Structure formats: C-alpha cells, structure tokens
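# Inside the fold
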Amino acid sequence: MQQTRRPRHSRGSGSTGGSPFRGDIEGLRAIAVLLVLVYHAGVAEVSGGFVGVDVFFVVSGFVITNQLVREVESTGRLSLWGFYGRRAKRLLPAAGLVLVTTSVVAWLMASRVQWQTIGGDIAAAAAYVVNWGFAARSVDYLAEDVQPSPVLHFWSLAVEEQFYLLWPVLILGLLALARLPWRRRTAAGDDEVSPGPVQGRLALGLLVVLVLPSFLFSVLYTQQAPSEAFFITPTRLWELGLGALVALGAGVFESWGRFVAGLVAWLGLGVLLSSAFLVDATTAWPGYAALAPVLGTAAVIAGGFRARRWGPAGLLGLRPFVWVGGLSYSLYLWHWPLLRFWEWEFGTPSVWQGLVIVAASFLPAWLAYTFVETPVRHAPALSARPRYALSVGANCSLAALLAGVLLVLGALGGTSGGGQSTGAGWSTDGSAATAPGGQAEEPSGADDPGSAGDPQEPGTTGPPLPGEEQPGDEPFFDRLTPDPLEATADVPGLYASGCQIRQDDDSSEPCDFGDLDSDVVVAVVGDSKAAQWIPALERIGEEQGWLIRTYTKQTCAFADVLQLTPQGEPYTTCRDWGRDVLERLTGEERPTVVLASGVRSEALPTDDATTESTQALVDGYVRYWSALREEGVGVIALSDTPSPDGDVGPVYECVDEHRDDPGACSWPYDPSPGTEALQEAVNQVEGAQFVDMGPWVCPGGTCVGDYRNVMTYRQGSHITATFAEVLAEPLAAYLAPLVETFAADPPGDEGRGEGPAG
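What follows covers the overall build of the protein chain. Each helix and strand counted, the protein chain has 27 helices and 13 strands in total. Counting the 758 residues in the protein chain, one finds 57% classified as buried. Summarising the internal contacts of the protein chain: among those between residues at least 6 apart in sequence, 80% fall at separations of at least 24. Working note: accessible area of the protein chain is about 30100 Å², and carbon and sulfur atoms make up 56% of it.

This paragraph deals with the environment of Thr572. Its place among the elements puts Thr572 in helix 21 (residues 572-585). Each C-alpha atom of the pair Thr572 and Asp505 lies 9.9 Å from the other, and the pair is 67 residues apart in sequence.

Bringing the packing of aromatic side chains into the picture now. For the structure shown, the criterion picks out 28 aromatic pairs. Consider the rings of Trp155 and Phe230, whose centres lie 5.1 Å apart with planes at 50 degrees: the pair is tilted. Separated by 75 residues along the polypeptide, Trp155 in helix 6 (residues 154-178) and Phe230 in the loop between helix 8 (226-229) and helix 9 (237-248) bring together distant segments of the chain. A network of ring pairs unites the aromatic residues Tyr39, Phe50, Phe57, Phe134, Trp155, Phe230, Phe231 and Trp285 as a single cluster. The ring of Tyr164 has Arg87 sitting right over it, with the charged end atom 5.3 Å from the ring centre. Cation over ring: Arg385 sits above Tyr388, and NZ or CZ is 5.4 Å from the ring centre.

Attention shifts here to helix 16 (residues 362-377). For helix 16, which comprises 16 residues, the first-to-last C-alpha distance of 20 Å sits more than 12% below the rise-based estimate of 22 Å (1.5 Å per residue). The largest bend along helix 16 reaches roughly 45 degrees and is located at Tyr369. Three or more residues of helix 16 are buried, namely Pro364, Ala365, Ala368, Glu373 and Val376. The inward-facing, buried residues of helix 16 contact helix 3 (80-109), helix 14 (319-346), helix 15 (351-360) and helix 17 (380-384).

At a minimum axis separation of 10 Å, helix 20 (residues 534-544) and helix 27 (residues 728-744) run at an interaxial angle of 55 degrees. Between helix 20 and helix 27, the interaxial angle falls into the category oblique. Helix 20 and helix 27 meet at a crossing whose hand is right-handed. Judged by residue contacts, Ala536, Leu537, Arg539, Ile540 and Gln544 of helix 20 engage Ala728, Glu729, Leu731, Ala732, Leu735, Ala736 and Glu740 from helix 27.

Moving on, we come to helix 21. Along an α-helix, residues three or four apart share an orientation, since each turn contains 3.6 residues. Counted at 1.5 Å a residue, the expected span for helix 21 with its 14 residues is 20 Å, and the 20 Å between its end C-alpha atoms agrees. The complete set of buried residues in helix 21 reads Thr573, Cys574, Arg575, Trp577, Gly578, Val581, Leu582, Arg584 and Leu585. Lining the buried residues of helix 21 we find strand 3 (500-501), strand 5 (521-526), strand 6 (547-553), strand 7 (593-597) and helix 22 (614-630).

To continue, consider a nonpolar patch on the surface. Taken together, the side chains of Leu398, Leu401, Leu402, Val405, Leu406, Leu409 and Leu412 define a hydrophobic patch exposed on the protein surface, amounting to about 600 Å² of accessible area. By secondary structure assignment, the location of Leu398 is in helix 18 (residues 386-413).

Omega for the peptide link from Trp285 to Pro286 comes to 10 degrees, which places this bond in the cis form. The residue Pro286 is located in the loop between helix 11 (258-278) and helix 12 (291-303) in this model. Here the bond from Thr481 into Pro482 is cis, since omega is -10 degrees, no more than 30 degrees from zero. Mapped onto the fold, Pro482 is located in the loop between helix 18 and strand 3. Phi at Tyr128 takes a positive value of approximately 60 degrees, unusual for a residue other than glycine. As for its position among the elements, Tyr128 is in the loop between helix 4 (112-126) and helix 5 (130-138). Take Tyr128: its relative accessible area is 8%, and that puts it in the buried class.

The next point concerns the confidence of the model for the protein chain. For the protein chain, the mean per-residue pLDDT works out to 84, and 85% of the residues sit at or above 70. Here residues 190-196 is modelled with pLDDT under 50, and outside its nearest four sequence neighbours on either side it reaches 23 contacts, counting other chains as well. With pLDDT under 50 throughout, residues 467-471 is counted as low confidence; its partners more than four residues away or in other chains account for 17 contacts.

What follows deals with the nonpolar core. Phe154, Trp167, Leu206 and Leu333 are the most contacted members of the largest nonpolar core, which totals 117 residues. Counting residues per element, this core draws most heavily on helix 2 (residues 51-75), at 13 residues. Excluding anything up to four places from it in sequence, Trp167 contacts Ile64, Thr65, Leu68, Leu206 and Ala244. Judged by nonpolar contacts, the second largest core, of 60 residues, contains Val691, Cys703, Val726 and Ala732.

Okay, the environment of Thr374 next. Relative to the helices and strands, Thr374 is located in helix 16. The spacing of Thr374 and Arg90 is 284 residues in sequence and 8.2 Å in space, taken between C-alpha atoms. A polar contact of 2.7 Å, which involves the side chain of Thr374, links it to the backbone oxygen of Tyr369.

This part takes up the state of the cysteines. Tallying each qualifying case throughout the model produces four disulfides. Here Cys556 is linked by a disulfide to Cys574, with a sulfur-sulfur distance of 1.9 Å. On the S-S bond that ties Cys556 to Cys574, the torsion sits near 80 degrees, and the link is right-handed. Residue Cys556 is found in the loop between strand 6 and helix 21, and its partner Cys574 is found in helix 21; the two are separated by 18 residues along the sequence. Cys574 shares its class with Cys556; the two are buried. A sulfur-sulfur separation of 2.0 Å characterises the disulfide bridge that pairs Cys698 with Cys703. The S-S bond linking Cys698 to Cys703 shows a torsion near 90 degrees; that makes this disulfide right-handed. Numbered by order of appearance in the sequence, the disulfide-linked cysteines of the protein chain pair as 1-2, 3-4, 5-6, 7-8.

Cut-offs and rules
- Residues numbered from 1 in each chain as written.
- Predicted model: local features only at pLDDT ≥ 70, side-chain atom pairs only at ≥ 80, totals over all residues.
- Heavy atoms only, no water.
- Helix = DSSP H or I, 4+ residues; strand = E, 2+ residues; numbered from the N terminus.
- Buried < 20%, exposed > 50% of the residue type's maximum accessible area, 1.4 Å probe, protein only.
- Contact = heavy atoms within 4.5 Å.
- Areas by Shrake-Rupley, 256 points an atom, 1.4 Å probe, with all protein chains shown as cover.
- Phe/Tyr/Trp six-rings, centres within 6.5 Å; stacked < 30°, edge-to-face > 60°.
- Lys NZ or Arg CZ within 6 Å of the ring centre and 35° of its normal.
- Expected span 1.5 Å × (residues − 1).
- Bend = angle between axes of the 7 residues up to and from the residue.
- Axes fitted to C-alpha atoms, helices over the stretch in contact; angles between N-to-C directions.
- Parallel < 35°, antiparallel > 145°, perpendicular 65-115°, else oblique.
- Left-handed = near helix turned anticlockwise from the far one by under 90°.
- Patch = residues over 30% accessible without salt bridge, like charges linked within 9 Å, V, L, I, M, F, W, Y side chains within 5 Å.
- Salt bridge = Lys/Arg side-chain N within 4 Å of Asp/Glu carboxyl O.
- pLDDT = per-residue confidence, 0-100.
- Core = buried A, V, L, I, M, F, W, Y, C linked by side-chain atoms within 4.5 Å.
- Polar contact = N/O pair within 3.5 Å; in protein donor to acceptor, adjacent residues only side chain to side chain.
- Disulfide = S-S within 2.5 Å.

As structure tokens, then:
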C-alpha cells in the first residue's frame with residue numbers, strides 16, 4: 001500500500017505527502033464544530049447544524065484509516081495495542097475530565113430527582129455505550145419529562161469509539177481473507193509492501209461488508225424508527241466507512257487533474273454547507289438525507305489530495321480554521337454541558353444567551369486542550385508504551401464511571417420508599433357508595449341511553465366530591481407514596497407486560513386484567529391516558545367481576561381520523577391500529593363496554609391537510625363510537641387528566657424540592673383540551689356516557705402534587721399508579737351502574753342499535 005509518488009507538502013495545500021497534517025482536514029473539523037455550536041445555541045437559521053456530527057464521522061473514518069495505512073506501509077504489520085493506546089490517550093482523559101466535572105456540577109445544581117438519570121447517562125458515556133440508551137429513551141413514552149442530558153452529545157463519541165474497536169479488527173480480517181502478502185521481494189532483492197491491489201481489495205471488502213449494508217439499514221430503519229435511528233451505531237457506520245474509503249482511494253484521487261480535484265472539493269464544500277441550512281430537526285435522519293453532508297465532506301477530502309490553489313484547502317487551512325479545528329474535540333466536549341448548567345440555574349437560554357455560552361466554552365476547551373489533552377497525547381512514556389497509554393485512558397474512564405455511579409447512589413439514598421396504607425377511605429359515612437360493589441346513586445342519564453348526563457355536574461353521581469363529605473386531611477399512607485424520587489417508575493404494570501403498543505407498531509393484540517373468567521368485558525381503548533387507569537380498573541374488575549381488556553397505543557386516539565406523530569409526521573400506524581381494534585370490538589372480541597380516554601385534542605380533517613382541528617378529532621371519535629353503538633356495545637368516555645401548570649414543572653420534582661411545603665406544588669384545575677373533545681363527542685353519540693374524574697384528580701378545584709400523602713403525578717399529565725388505585729373507589733361508583741346497565745342488555749343481533757336499557 002505504498003504511495004508511488006510523494007507530492008511536496010505545503011501548509012494548507014491539502015496534499016498529504018509524507019506528513020499526516022492536512023490543513024483542510026482541520027478546517028473541516030472547525031466547520032463541523034461551529035455548525036454544532038451555533039445549532040445548539042438555538043440559531044434557527046442554521047436549522048441543520050447537527051450535520052456537523054456527520055462531518056466529524058467522515059473525517060474520523062478518513063484520519064483513522066490513513067493512520068492505519070501508514071502503519072502498514074512503514075512496518076508491514078498492524079499493532080492493535082498501538083492503535084488502541086493512541087486512541088485511549090487521545091480521547092479518554094479529556095472526556096473523563098468533562099464527565100467528572102459534569103457529575104460534580106449536577107450534584108450541586110441539578111434537581112435531586114435528576115441525579116439518577118444523569119448519573120446513569122454519565123456512567124454509560126464513560127463506557128461509550130450511551131448512544132444505545134438515548135435511542136431507547138427517544139421512543140420511551142414514559143421518559144417524556146426527562147430533560148436533555150448534559151452528556152447527550154456523547155452519543156456520537158460512543159459511535160466513534162465503537163467504530164474504533166471494530167475497524168482495525170475488520171482490516172485484519174479483510175487482509176486475511178484477501179490472502180495477499182503484506183510485503184513482496186523486488187527485483188533488486190529489497191522488501192516492499194504490496195502496492196495497489198491490497199488497497200483496492202480492502203476498499204472493496206469495506207464497501208461490501210460495512211458501507212453498503214450500513215447505508216441500506218440506515219435508510220430503511222430511519223423510515224421505520226427515525227428517533228432510534230439517529231443514535232444507534234449501525235445507521236452511522238457507513239459515514240465513517242465512507243471516510244475510510246477516501247483514505248484507501250488516495251492513489252486514485254492523487255491522479256486527478258488539479259482543476260477537476262478543485263471543482264470536486266468546492267462542490268463538496270457547497271453541498272455540505274447548504275445542507276446545514278436546508279435540513280431541520282423534522283428531517284428523518286440519518287437515512288438517505290445524510291448523503292448530502294457525508295458525500296460533501298468526502299468530496300472535500302478527496303479533492304484536497306491534488307487541488308491545491310484550485311480547491312478550498314487554502315481557505316480551510318487558514319490559521320483561525322486550523323486553530324478551531326485543533327480545539328474542536330474539546331469544544332465539542334464542553335459546550336453542551338455548559339448549556340445545560342445554565343438551564344438548571346436560569347431556565348432555557350435565549351438565542352443570544354446560547355451564543356454567549358457556546359462562545360464561553362472556548363475557555364474550558366482551551367484549558368483542557370492545553371493542560372490535559374496535549375500533554376497526555378504527546379507524553380513520551382505513553383507513546384513508547386501503548387499498553388500504559390491504554391491503562392491511563394481506561395483509568396480516566398473508570399473515574400468518570402465511578403462519578404456517575406456515585407450520583408445514582410446519591411439519588412437512591414434520598415428515597416424513603418413507599419409508605420403503609422392507613423386504611424383511610426373517601427367518605428365519612430354510608431350515605432354514598434364508595435367501595436366497589438356497593439350501592440351507588442345511579443348516574444344521571446343511565447336510564448336514558450340517549451343522554452350523556454350532565455358532564456358539568458359530576459357531583460350528581462357516585463360518591464360525594466372531595467371537600468363535601470370527605471375527611472380531607474386523613475392521609476391514605478403514613479408517608480408520601482410513592483417517594484417523589486421514584487414517581488417516574490410508579491407506572492401501570494401493563495408497560496412491563498408489553499401491553500402498550502409502540503408508535504411504530506400497528507398490531508392490536510389486547511391484554512387481559514381483572515376477573516379473567518368473567519363474561520362482562522370492559523375494553524379500555526386509547527393512549528397512555530387511558531392506560532394510566534389500569535391499576536384502578538384492575539382492582540375494580542377483580543371486585544366487581546369484570547374482565548378488563550386493554551387496547552392502548554402510544555399517543556394514539558381511538559378515532560377514525562388521521563393524526564400526527566409527536567414528530568409531526570402522519571401517524572399511519574395509529575389509523576391502522578384503530579381500524580383493526582374497531583374490527584375486533586365489533587367482531588368476536590366484542591365487549592360489554594368500551595371505556596375510551598385520551599390526551600388528543602386535534603387531528604387532520606383530511607389526509608392531505610396540514611392543519612389539525614378539534615372538530616376533526618371529534619368527528620373521528622363519533623364515527624368509531626357510533627359503529628360500536630350500532631353493534632350494541634356500550635361506550636363510556638373517561639375524562640383526561642389535566643396538565644400541570646408550567647410554573648410547577650415536573651410535579652414530582654417540585655414536591656421533592658418542597659417537601660415541607662406541599663402547597664407550593666399546586667395549580668388551579670382546568671379541564672384539558674382532550675377532555676373537551678371527548679365530552680363533545682359523547683354529546684353526539686346516542687347512548688354514550690361521560691365520566692368526569694377531574695374533580696377527584698384535583699379536589700376542590702385545585703390540583704396538588706401531594707394529596708393526603710399520595711404523590712399524584714408522574715410524567716407530564718399522567719397520574720401515578722398509586723393515585724390511580726386510590727381513585728378506584730370513586731371511579732367504581734361512577735362505572736358500576738353504567739356497566740351493569742349495559743350488561744343487562746348484552747350485545748346481540750336483536751339488541752343492536754338500541755340503548756343499554758334495551
């Protein structure tokens with residue numbers, strides 16, 4: 001793999017020659033990091049600044065492969081210890097410093113409820129597997145309150161480290177498969193490395209084994225699951241692999257004419273910079289869209305072999321670009337934590353504040369580069385002893401791992417665990433039925449299936465409202481349950497059972513709870529706001545003798561209308577799921593009652609519409625519910641739980657910070673838009689019923705984070721499983737007479753189209 005000629009190197013020319021330095025490479029690094037910094041600062045015009053990471057991937061693939069090629073050229077072999085030692089001393093000390101610093105600052109500044117998540121992220125970042133954790137979190141509906149991690153940017157470093165582990169081993173494997181000697185005897189009797197064919201076969205092997213499969217997988221998986229695809233390694237390997245192909249094709253690129261090479265390089269730079277302004281966060285990434293910055297970067301590097309004054313190397317090789325490029329790794333490491341530190345203390349920064357913060361990151365970046373990164377990188381002892389260098393890097397990562405673990409332990413040490421039930425109930429006497437199975441005042445509208453009752457007067461049915469005949473201050477538990485630090489884990493068991501259908505899945509298999517042998521089937525249909533009531537419904541089902549069957553899907557309303565995903569894309573799997581569920585509910589799985597709920601308040605009026613409306617969602621509800629009523633299936637809509645006030649923030653975090661003053665975490669009750677859409681749809685469907693649990697979720701018109709020693713909210717506007725189960729008694733008082741009435745006229749051909757009273 002020896003070069004046949006060695007062009008004379010001049011600074012910034014873009015020619016490699018015998019020197020590893022290329023000014024245009026440093027300039028590309030500078031462009032990459034500046035794009036990322038400006039994007040993270042919030043400059044809307046640079047909507048695709050995240051493409052800087054793709055530039056880094058191509059450059060890294062090129063540089064690493066170039067180093068490996070030079071080692072093979074000069075020694076005829078490849079030292080894995082030497083390679084890993086160089087990577088360890090180059091990357092791990094600087095990264096370890098940032099991770100330890102982030103852990104300390106998080107301990108001092110971040111909310112205690114964030115420690116466990118942040119500590120876990122830091123530990124995963126130290127082990128360079130954090131990208132997989134972020135991929136899982138990106139599609140975890142239960143992680144909606146998790147704030148941006150201060151080490152979120154380590155996902156790309158994890159991808160690179162995983163590539164570094166793979167790539168030299170892959171080279172050795174491809175060379176072994178090629179069965180070609182590393183050296184050959186010349187006519188003069190001298191040894192020299194085999195020329196061109198080895199590089200060509202390596203390039204072909206890399207293309208077939210890594211680049212093409214990774215690219216095809218990236219395109220397909222990005223279409224299927226864009227949130228996960230952004231982070232995971234297989235969708236990114238082709239970008240690093242393309243940089244490696246450029247390094248292996250050096251002999252070809254050096255044969256180009258200077259004008260052609262310059263034209264290619266300039267076009268590549270133009271495509272790269274254009275992509276930073278033309279794509280945005282809604283673009284499915286990486287996929288085929290990433291071809292623009294990736295091919296653009298590859299073109300700049302390839303053209304730089306010969307372009308000289310014809311190409312952009314003269315611009316990219318200017319001293320400011322070279323200086324920023326040399327500092328790019330430290331800049332990338334430091335800028336993002338500083339943005340998060342500001343957010344913890346002062347809230348989300350404005351654009352100008354963000355720009356000042358990322359500009360300020362040059363100081364710690366320069367200090368780390370000068371006093372940590374450079375001394376370790378050029379230490380003679382570490383250069384001479386690769387295993388020692390690897391040990392130093394590993395110890396730095398181990399220190400960061402320990403810092404993350406200590407942060408997690410600090411969070412776990414602050415929890416008090418769950419309390420013991422006090423046996424307190426909802427009513428003070430027997431004037432109202434509060435226990436499931438008791439006699440309750442019949443809900444208004446139950447005798448008239450064409451009436452939805454008066455949803456504005458929920459107190460006219462079931463048990464008395466909180467504050468009327470309730471003890472009010474008698475706690476349900478002897479201490480706050482669940483502990484605020486454990487609130488996000490207090491979720492219905494159906495999640496662990498895999499019963500909540502994911503966003504990218506259109507399957508509709510149900511799960512059964514309650515009395516599994518009962519003929520009275522209550523089908524719970526909707527999104528996570530319907531699923532949050534399962535702890536209460538499971539208890540009610542067991543005591544009332546109902547089978548509770550769940551059909552729930554992430555962020556998907558059970559409505560005959562096209563909705564949008566949280567990413568703003570048409571939610572086609574939701575519509576497919578809904579149609580399949582309707583077929584089940586009107587077919588062999590026909591239940592006694594459908595209990596529907598959801599957070600949605602809008603949908604698209606038509607498939608080609610771009611603006612959502614509440615009426616479109618209401619109409620979609622009406623179409624599905626009317627179809628159920630025509631089959632004699634009862635329909636009950638359950639109100640959505642209201643969202644916390646913006647000043648309260650994550651409720652569990654507020655309660656933890658104000659344990660001595662629970663009243664600080666309260667806000668006025670206001671029915672959610674989702675409730676209003678459900679209520680309007682009930683009014684248009686004959687025989688449908690509406691149950692409003694709002695006055696129970698927010699007693700006395702005030703929502704609180706701590707109600708009678710119950711932690712009320714977990715993520716977003718979801719209530720905890722504990723609070724849902726506590727609310728089982730009043731919920732049963734509403735549902736029991738309705739379900740009994742519908743069950744008295746079971747679905748059948750002779751009863752279809754009539755109300756529950758027959």
